[in-house]
Amino acid sequence: MTIRDRSRTAKQGQAAVILAASVILSVAMLLSGCSGEARYAACSFISMDTLVEIKIDAATPDAEAVLKRCRGITEEQRLLYDADDPASALSALNAVLDGKAAAVPADLEKVIAAAAGVQRDSRGAFSIFLRDVILKWKSAGTSDTPPEREELAELLPDPSSYAEYVHGALTLPAGCRRIDLGGIAKGAAEESVVEYLKAAGASYGILSFGGNIAVFGEKPGGGGFVIGIRDPDDGRKTVGTVELDSGYVSVSGDYERYYEIGGERYHHILDPADGYPAESGLRSVAVIASDGTLADALSTALFVMGKERALELYESGKYEFEAVFVTDGGVSATPGLEGRFEPSR
Ligand code: AMP
Ligand code: MG
């Protein structure tokens, strides 16, 4: 995902001025931390294992302090969802998940409820049960051989079993004792920051949490924010743009993260059927929704499901979202993006 200059029309050219700068800022701000500029104030930092970039109206009251707080909120969010950090709320929950119903702390409720719902509605394509499989891939990353398929199969619960999340309590199926929220956490964290920014009086904001983009408010110069969907094979090119007044664009792609093992690349979105990188024919999928947490979970789910099953979920109307599908053969979008999605020539 990139936010970049798409100066094909006067309206889009305006968006480009604001958005293209964020790409430049990503380098400059890493060196200098947070700072303000005449028209917008921006900061970028690394958290949740990703580059976070935030840009808001410079006229926001106490813009510098607001940006600093965004960083604090992101870190607080990481401390909820980071399964690798023993101090996180998720690690505390994982320590007590033992086959019986475990109480979910209030600040994990929204995310766990959403994750369990998307897991069920995607018929297991999105899975919070992959923690042990992910750890196997991580440790294989330091060796020269990928995990054996039999070894992974032993770590996967029955694919037809789901988590039960009822009245604040979570029960896992037999054989599963811990969960991973990596496919949904960045969207949830970004949503918390957006809510804070709106309450803090920012008239507009443009945020990027790795593959998750959020925009809100009145874009200077008017019109919608134009968001470029990256070419999976070339980070300097886009396959198309989506114009959005406000909301979230979450992208899951095979190029975003990977384990390099024995000279081969294995991307990070795993098929819960076998624990190996999903091969659904999609190179990436962008989900556009007004709920950032759902957008993140759905992009991971749809990537695993592939375009045909993804369209079935779209047509079921269970979730309100639109999507852009990128395959080796081309790019396509759901009908609701008519007039807002423009493929690159
Ligand atoms: P995303 O980049 O949002 O698509 O999420 C990918 C991350 O979610 C991975 O790095 C894993 O932590 C986790 N993950 C991998 N495969 C799945 C899956 N099938 N369902 C849910 N989470 C997954
Ligand atoms: Mg995701």
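For the structure itself, look to the data block above.
Throughout what follows, the structure given in this document is the object of discussion. (Residues numbered from 1 in each chain as written. Chains lettered and ligands numbered in written order. Predicted model: local features only at pLDDT ≥ 70, side-chain atom pairs only at ≥ 80, totals over all residues. Heavy atoms only, no water.)

## Examining the site of ligand 1
Every one of the 17 residues lining ligand 1 counts as a neighbour, but S127, S252, L270, D296 and T300 are closest to it. Between ligand 1 and A125 there is a distance of 3.0 Å, counted from a nitrogen atom to a backbone nitrogen or oxygen. Taking S127, its main chain carries an N or O atom lying 2.9 Å from a nitrogen atom of ligand 1. For the shell around ligand 1, the class distribution of residues is 8 nonpolar, 6 polar and 3 charged. (Near = heavy atom within 4 Å. Polar contact = N/O pair within 3.5 Å; in protein donor to acceptor, adjacent residues only side chain to side chain. Nonpolar A, V, L, I, M, F, W, Y, C, P; charged D, E, K, R; others polar.)

## Quick notes on the pattern of salt bridges
Overall, the coordinates contain 21 salt bridges when judged by the stated rule. K138 is the salt-bridge partner of D84, the closest N and O atoms lying 2.7 Å from each other. Placement of D84 in the loop between helix 2 (63-81) and helix 3 (89-96) and of K138 in helix 5 (residues 131-140) is noted, with a sequence separation of 54 residues between them. Under the relative-accessibility criterion, K138 is labelled partly exposed at 37%. If you follow the salt bridges from partner to partner, you end up with E75, R78, D82 and D85 in one network. (Salt bridge = Lys/Arg side-chain N within 4 Å of Asp/Glu carboxyl O. Helix = DSSP H or I, 4+ residues; strand = E, 2+ residues; numbered from the N terminus. Buried < 20%, exposed > 50% of the residue type's maximum accessible area, 1.4 Å probe, protein only.)

## Quick notes on the coordination of the magnesium ion (ligand 2)
Protein coordination of the magnesium ion (ligand 2) is provided by G183 (O), D296 (O), D296 (OD) and T300 (OG1), with donor distances spanning 2.0 to 2.4 Å. A residue is classified by how much of its surface remains accessible, and D296, at 6% relative accessible area, is buried. Under the relative-accessibility criterion, T300 is labelled buried at 15%. (Donors = N, O, S within 2.8 Å, 3.2 Å for Na, K, Ca; no water.)

## Details of the sheet that holds strand 10 (residues 234-244)
Paired through backbone hydrogen bonds, the strands of a sheet run either parallel or antiparallel to each other. A sheet is described by the order of its strands in space; here 3 strands give the open sequence 9-10-17, paired in antiparallel fashion. Bordering the open sheet on either side are strand 9 (225-231) and strand 17 (341-343), each of which pairs with just one other strand. The sheet shows a mean angle of 35 degrees between the axes of neighbouring strands, direction not considered. (Pairing = 2+ DSSP bridges. Axes fitted to C-alpha atoms, helices over the stretch in contact; angles between N-to-C directions.)

## Focus: the side chain of D57
Mapped onto the secondary structure, D57 falls in strand 3 (residues 50-57). An unpaired buried charge is present at D57: no salt bridge exists, and R39, the closest side chain of opposite charge, is 7.6 Å distant. Residues contacting D57, with those up to four places away along its chain left out, are R39, Y40, A41, A63, S203 and Y204. (Lys, Arg positive; Asp, Glu negative; His and termini not counted. Contact = heavy atoms within 4.5 Å.)

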